[in-house]
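Below are the chains, spelled out letter by letter.
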Amino acid sequence: MWQPKDFQHKVIEYYRKHGRKHLPWQGTKDAYRIWLSEIMLQQTQVSTVIPYYENFLQRFPTIVDLAKASEDEVMHLWSGLGYYSRARNLHKAAKKVADEFNGDFPKTQEEIEALPGVGRSTAGAVAAFAFDQSTAILDGNVKRVLARCYGIEGWAGKASVLNSLWQRAEANTPDTHTAQYNQAMMDLGAVVCTRTKPKCDTCPLSDKCYALKHDMISALPGKKPKKARPKRAVYWLVCLQNDQVVLHKRPPSGIWGGLWCFPEIEQSQSEPEHQQKLDSFLHKFSHYDLEVQPLLVKNIADTGIMEPNQIDTFALNEIAEIGLPTPVSKLLQTLAEN
DNA sequence: GAGCCGTGGGA
DNA sequence: TTCCCAAGGCT
């Protein structure tokens with residue numbers, strides 16, 4: 001079993017030799033940029049984030065610029081990245097920093113974690129990367145490395161397992177060089193200790209790895225127990241008038257909160273009067289499947305499903321700077337082409 | 001504690 | 001094709 005001092009030494013040495021040092025959010029101590037990257041990277045892979053990160057920073061160079069923006073514009077720049085509550089919380093947090101901290105990003109882990117959308121791990125990452133504090137992180141990469149190295153069994157969604165992982169993460173976090181250590185732990189998980197086919201022959205921790213020794217690499221970390229995914233079927237009402245399209249802004253909570261979509265009704269309701277059925281398609285979420293049947297309708301008011309104040313119209317060939325979920329964006333594109 | 005919240009890519 | 005899940009947090 002690795003002792004913390006030896007573990008830290010091996011990990012930091014790995015960083016010096018093989019760590020990632022040229023990602024767009026590295027090489028800066030700007031807490032705003034580091035925080036932005038950490039939020040975008042939640043449950044999202046590096047290669048997906050990079051173009052969004054660059055684009056976002058170009059439009060909002062400082063947190064005060066972000067605080068002053070409209071929610072629609074923030075959602076627009078987030079469109080396609082998913083988990084849209086992250087964007088709404090990001091905007092709220094920016095306003096909080098502008099108002100309560102005079103635009104100066106808070107520096108203690110407690111204050112950082114009090115920002116909406118920032119949990120324990122993200123706060124630890126920002127405090128370590130931006131302010132060189134000795135704060136632990138526990139993302140999916142670190143969980144995998146620790147679970148395998150120390151033989152921590154069970155699914156991390158269970159509180160007892162999560163507590164064990166945090167305990168080990170805290171115990172192993174060094175007092176100094178914490179930014180390098182944290183970066184190296186994520187690099188190890190992302191590059192070496194991968195979910196399948198880990199590269200144990202190049203791993204600095206393989207000497208004393210519990211999973212390698214006990215042939216439990218595929219069993220660790222423990223997997224989430226799976227359940228059947230329900231299917232939901234809806235109509236999307238596509239109403240085109242003079243190159244304008246009718247969209248509906250969804251309520252702030254729930255799926256695609258704050259984004260603009262076609263007016264939607266359950267297929268279990270009666271089928272609305274329509275001119276034409278467009279091609280149906282299936283959109284898969286993590287926890288259910290959405291079967292979408294778009295219907296071309298003459299006039300939304302005729303269907304009687306939407307209050308007029310819940311809808312607005314946009315130019316079809318030049319959609320305004322608003323947030324659109326991916327399948328809506330794709331459908332709009334095919335409509336504009338025809 | 002358990003469910004919710006997007007999307008894209010790998011195996 | 002189908003399953004899994006990735007720099008998690010909120011309710």
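Residues numbered from 1 in each chain as written. Chains lettered and ligands numbered in written order. Predicted model: local features only at pLDDT ≥ 70, side-chain atom pairs only at ≥ 80, totals over all residues. Heavy atoms only, no water.

A. Main features of the domain arrangement of chain A. The assigned domain composition of chain A is domain 1 (4-213) and domain 2 (231-337). Here the C-alpha centroids of domain 1 and domain 2 sit 36 Å apart. The interface is formed by 8 residues belonging to domain 1 together with 14 residues belonging to domain 2. For the pair domain 1 and domain 2, the summed buried surface comes to about 870 Å²; carbon and sulfur atoms form 45% of the total. Run the count over domain 1 and domain 2 and you get 1 salt bridge. For D72, the salt bridge identified is with K249, shortest N-O distance 3.1 Å. Counting every contact that joins domain 1 to domain 2 gives 6 residue pairs in polar contact (both at pLDDT 80 or more). (Domains from an automatic or database assignment. Contact = heavy atoms within 4.5 Å. Buried area = accessible area lost by both parts, 1.4 Å probe. Salt bridge = Lys/Arg side-chain N within 4 Å of Asp/Glu carboxyl O. Polar contact = N/O pair within 3.5 Å; in protein donor to acceptor, adjacent residues only side chain to side chain.)

B. Empty space enclosed by the protein, seen in detail. Applying the stated criterion across every chain, the model contains 2 cavities of 30 Å³ or more. Lining the largest cavity are 14 residues; nearest its centre among them are R148, C193, C200, C203 and C209. Put simply, the parts of the chain that give the lining of the largest cavity at least two residues each are helix 9 (140-150) and helix 11 (178-192). For the lining of the largest cavity, the element with the highest residue contribution is helix 9, accounting for 3 residues. There is about 40 Å³ of room inside the second largest cavity. If you go around the second largest cavity, the residues you meet are I137, V142, L146, A169, T173, Y181, N182 and M185. Those elements giving two or more residues to the lining of the second largest cavity turn out to be helix 9 and helix 11. If you tally residues by element for the lining of the second largest cavity, the top one is helix 11, at 3 residues. When its residues are assigned to classes, the lining of the second largest cavity shows 6 nonpolar, 2 polar and no charged. (1 Å grid on protein atoms, 1.4 Å probe; cavity = no way out; pocket = protein on both sides within 12 Å on 5 of 7 lines; lining within 4 Å. Points joined across faces, edges and corners; volume = space filled by probe spheres on them. Helix = DSSP H or I, 4+ residues; strand = E, 2+ residues; numbered from the N terminus. Nonpolar A, V, L, I, M, F, W, Y, C, P; charged D, E, K, R; others polar.)

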